[in-house]
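Each chain, letter by letter, is given below.
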Amino acid sequence: MIEKTYMAGFGGQGIISLGQMWVYCAMKEGLQVTFFPAYGAEKRGGIARASVIVSDAEIASPLVTKAHSVIVMSQDSVPIAEEICAPGGVILVNSSLVKADPARPDARIIRVPCNEIAERIGDVRIANMVMMGALSQATGAVKLDHFEAVLKSFFPPAKHGLIPMNLAAVAAGRKAV
Amino acid sequence: MADDIRLMKGNEAIGEAAIRAGCVAYFGYPITPQNELTAYMAANMFPKGRTFIQAESETSAINMVYGAAATGARAMTSSSSPGISLKQEGISYLCGADLPAVIVNVARSGPGLGGISPSQGDYFQSTRGGGHGDYYTIVLAPKSVQESADLTYEAFALSDKYRIPVLVLADGLIGQMMEGVKLPAPIDPASLPKKAWAAGRQAEEGRAPNHVSSMNLVPEELEALNIARFKHYETVKKELCRYEEVQVEDADIVLVAYGTSARVSLGALQAARAMGVKVGLFRPITLWPFPYDRLNALAKRGKRFLAVEMSMGQMVEDVRLATNGQAPVDFYGRCGGMVPSEEEVLAEVQRLLAR
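Every value quoted in this text rests on a predicted model; they were computed, and no experiment measured them.

Section: the overall build of chain B
- For chain B, the helix and strand inventory stands at 14 helices and 14 strands.
- Expressed along its principal axes, the backbone C-alpha trace of chain B runs to roughly 70 × 50 × 40 Å.
- Going through the 355 residues of chain B one by one, you find that 56% of them count as buried.
- The long-range fraction of contacts in chain B, counting pairs at least 24 apart against all pairs at least 6 apart in sequence, stands at 79%.
- Only carbon and sulfur atoms are counted for the fraction: they give 55% of the accessible area of chain B, which is about 14,100 Å².

Right under this line is the structure:
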């Protein structure tokens, strides 16, 4: 099994955290992982992208050039998704912000209103975790069954109050697929 | 996966491995894309009672390494390409004084100030000495976060053993990406053997002062020292050449690549094999000493080669030296911070085999 995912959005949407959380969870499930970020110099609003690979064998190139799955968190990221998605791949679209779907009739396009779902749970900033739940459901590559334990080590104890909301975001993302 | 496997950036893994190898003195100056390494040392050397200095320049940092190494300390500096250029005078002095030290280059694109994206354009500088005079440094080229940690850790032992500086040549991609890494066991610096040649402590130890210098104004003596050093290099070449081979035995074409390019080439190999195209991979791990003999043996067996690099073609010259006209050697590269894709390398393989 190898799942190459390309994640794209703008700075501030939690793309980098999404990629890191995905590979943290994958590692806990015994998989090999690589995570390679690419982002602009801006704190917010610049491009934020990540090449993320999980596999049960040694990973060759850490750069994703043909993605089995693509995450599109913003309208600006649609062209890169159209280009990088492998034939017959999956494109997960944040339909809260992306109004025109990627023009890839061969791909399975899944629309997830991440921002709306996140706001309903309580904070738009967990839209990335909604998307992670959807990615897990759509690909099955990472089951996320160690997610809670990973969150406990990721957040300092003072922020453990945020854990239930993150768990709810992933569960809602799963259901949206 | 076991809990002792950590998810780390290459830069951080190099820093932690250096600390575990007993590095007691780090001197650096910030530059992208190796900043996490300097930051890691800043955060983690003091709590262990070790020395961290952010120097006022790269030149200053490498000369601090010289000073620390002369006293017998396990010392280290790191930078990225333009900063490594600035350190070359100091590296030449270290080699002239036969001092051990570890230098990490998380390379970026050039020439000049260039860009901050990954590159392998520093191969010539790394493997041909880099500064003035007749000398070499040992050059280790990791392909992953795990190997970055392992080779940095080992670099200190190799440098002490041979009294030659060791350059760890990574690139911006290896420095910036995160992978799982199992870290080596920490070494207590106090447990390391004393270096009989080190400067200082002569009163304490009741002996004549040791003199550490690269200067000698008597041509006959300096020539003898250089000849002796090159004789020592022959020993290193015999003992240290290291490489990895993947499916070379039945290959119709062998990709030759190190570091990130080797990862990309492995992907191209896997895709080619899935199509029934017999591709092999030869990955030098030591760039100096370069595994000339093994490549020469493969050339004699009729293999042909494609060197894949993130440069305009530098290591390919060593492949040509190794094969010495006995095999076709082609080159494929991207530069300026571009990383070749598996698909591009595969297409080049198919183009060459169809020719």
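Focus: the interface of chain A and chain B
- Of the residues lining the interface, 24 residues belong to chain A; the matching set on chain B comes to 23 residues.
- Considering only the surface of chain A that becomes buried against chain B, M27, F36 and A60 of chain A emerge as the three largest contributors, covering 27% of it.
- With a shortest N-O distance of 3.2 Å, E342 of chain B and K4 of chain A are connected by a salt bridge.
- Where chain A touches chain B, the interface holds 8 residue pairs in polar contact (both at pLDDT 80 or more).
- Put simply, the parts of the chain that give the side of chain A that touches chain B at least two residues each are α1 (15–28) and β2 (32–39) of chain A.
- A breakdown of the residues in the side of chain A that touches chain B according to their chemical character gives 13 nonpolar, 6 polar and 5 charged.
- Relative to strand β8 (residues 178–182) of chain B, β2 of chain A runs antiparallel, the two being bridged by 2 bridges. Directly across from F35 of chain A, in β8 of chain B, lies its bridge partner M178 of chain B.

A short note on the nonpolar core
- Ranked by internal contacts, the top residues of the largest apolar core, which has 115 residues, are M41, M76, L94, L99, I138, L255 and F305 of chain B.
- When we break this core down by domain, the ones giving at least three residues each are domain 1 (5–191) and domain 2 (243–354) of chain B.
- Once residues within four sequence positions are removed from consideration, L99 of chain B is found in contact with Y66, A69, A70, L94, R163, I164, P165, W197 and V212 of chain B.
- Ranked by size, the runner-up nonpolar core spans 46 residues in total, among them M7, M21, V112 and A141 of chain A.

Notes on helix α3 (residues 58–70) of chain B
Residue and element names in this part refer to chain B.
- For α3, spanning 13 residues, the distance from its first C-alpha to its last is 18 Å, which sits close to the expected 18 Å at 1.5 Å a residue.
- Those residues of α3 lying buried are E58, S60, A61, I62, V65, Y66, A68, A69 and A70.
- Along its buried surface, α3 packs onto β2 (25–28), β4 (75–79), α4 (81–86), α5 (88–96) and β5 (102–107).
- A side-chain oxygen of the first residue of α3 lies 3.4 Å from the backbone nitrogen of T59; this N-cap is S57.

What to know about the sheet that holds strand β7 (residues 166–171) of chain B
All names here are of chain B.
- Spatial ordering of the open sheet is given by β3-β2-β4-β5-β7-β6-β12, a layout of 7 strands whose pairing is mixed. Taken across any chain shown, the strands that pair with only one partner, and hence form the sheet edges, are β3 (51–54) and β12 (286–288). Looking at each pair of strands side by side, their axes are set apart by 20° on average, direction ignored.
- Pairing of strand β6 (residues 138–140) with β7, which is carried by 3 bridges, proceeds in the parallel orientation. Each residue of the ladder has a partner; that of L140, found in β7, is V168.

Description of the pairing of β8 of chain B
- Note: strand β1 (residues 5–9) of chain B against β8 of chain B, 5 bridges, orientation antiparallel. From the neighbouring strand, R6 of chain B faces β8 of chain B, where its bridge partner is V181 of chain B.

Details of the layout of surface pockets
- In this structure, the largest pocket encloses a volume near 1,200 Å³.
- Every residue lining the largest pocket is counted, 35 residues in all, and those nearest its centre are G12, Q13, G14, S17 and N128 of chain A.
- Sorting the residues of the lining of the largest pocket by element identifies α1, β3 (47–55), α4 (127–139), α5 (147–154) and α6 (163–175) of chain A as the ones contributing at least two each.
- Among the elements that line the lining of the largest pocket, the one with the most residues is α1 of chain A, at 5 residues.
- For the lining of the largest pocket, the residue count by class is 18 nonpolar, 11 polar and 6 charged.
- Its volume calculated, the second largest pocket comes out at about 850 Å³.
- Lining the second largest pocket are 32 residues, with F36, P37 and A38 of chain A together with S117 and P118 of chain B sitting closest to its centre.

As for the side chain of D123 of chain A
All names here are of chain A.
- Turning to its location among the elements, D123 is positioned in the loop between α3 (114–121) and α4.
- Under the relative-accessibility criterion, D123 is labelled buried at 18%.
- Of note is the side chain of D123, whose polar atom sits 2.9 Å from the backbone nitrogen of R125.
- If we skip the residues at most four places from it in the chain, D123 touches A118 and M165.

A word on the domain arrangement of chain B
All names here are of chain B.
- Here chain B is described as being made up of domain 1 (5–191) and domain 2 (243–354).
- Each of domain 1 and domain 2 has a C-alpha centre, and the two are 27 Å apart.
- Note on domain 1 versus domain 2: buried area summed over both sides is about 2,200 Å², and carbon and sulfur give 54% of it.
- Of all residues in domain 1, Q120, Y123 and K143 give up the largest surface area on contact with domain 2, accounting jointly for 34% of the area buried on that side.
- The tally of links between domain 1 and domain 2 comes to 4 salt bridges.
- The salt bridge partner of D318 is R128, with a shortest N-O separation of 2.7 Å.
- Of all the secondary structure elements, the ones that give two or more residues to the side of domain 1 that touches domain 2 are α6 (123–127), β6, α7 (145–162), β7 and α8 (172–176).

Cut-off values and rules
As a convention, each chain's residues are numbered from 1 in the sequence order in which they are written. Naming scheme: in the order in which they are written, chains are lettered from A and ligands are numbered from 1. In keeping with the predicted nature of the model, local features appear solely for residues at pLDDT of at least 70, side-chain atom pairs appear and are counted solely at 80 or more, and the whole-chain, interface and lining totals rest on all residues. Hydrogens are left out, water is left out, and the side-chain values use all remaining heavy atoms of the structure. Per the convention used, a helix needs a DSSP run of H or I reaching at least four residues, while a strand needs a run of E reaching at least two, with both numbered from the N terminus. Burial here depends on accessible area, computed with a 1.4 Å probe over protein chains only, as a share of the maximum for the residue type. Under 20% is buried, over 50% is exposed, and the range in between is partly exposed. By definition, residues are in contact when any of their heavy atoms lie within 4.5 Å. All accessible-area figures derive from a Shrake-Rupley calculation using a 1.4 Å probe, and residue coverage is judged against the displayed protein chains alone. Summed over both partners, the accessible area lost on bringing two parts together, with a 1.4 Å probe, is the buried area. Only one rule defines a salt bridge in this text: a Lys or Arg side-chain nitrogen within 4 Å of an Asp or Glu carboxyl oxygen. Here a polar contact is taken to be a pair of N or O atoms separated by no more than 3.5 Å, where protein atoms must pair a possible hydrogen donor with a possible acceptor and residues adjacent in sequence count only if both atoms sit in side chains. Note on residue categories: nonpolar means Ala, Val, Leu, Ile, Met, Phe, Trp, Tyr, Cys or Pro, charged means Asp, Glu, Lys or Arg, and polar means any other residue, Gly included. Only strands joined by at least two bridges in the DSSP assignment are considered to pair. Residue types Ala, Val, Leu, Ile, Met, Phe, Trp, Tyr and Cys, when buried and joined through side-chain atoms within 4.5 Å, form a set referred to as a nonpolar core. The split into domains, and so the bounds of each, comes from an automatic or database assignment of domains. Multiplying one less than the number of residues by 1.5 Å gives the expected span of a helix. Angles run from 0 to 180 degrees between N-to-C directions of axes, and those axes are lines fitted to C-alpha atoms, restricted for helices to the stretch in contact. The rule is simple: put a 1 Å grid over the protein atoms alone, call a set of points where a 1.4 Å probe fits but cannot get out a cavity, call an open set with protein on both sides within 12 Å along at least five of seven lines a pocket, and count a residue as lining if it has an atom within 4 Å of a point. Grid points are joined across faces, edges and corners, and a volume is the space filled by probe spheres set on the points.

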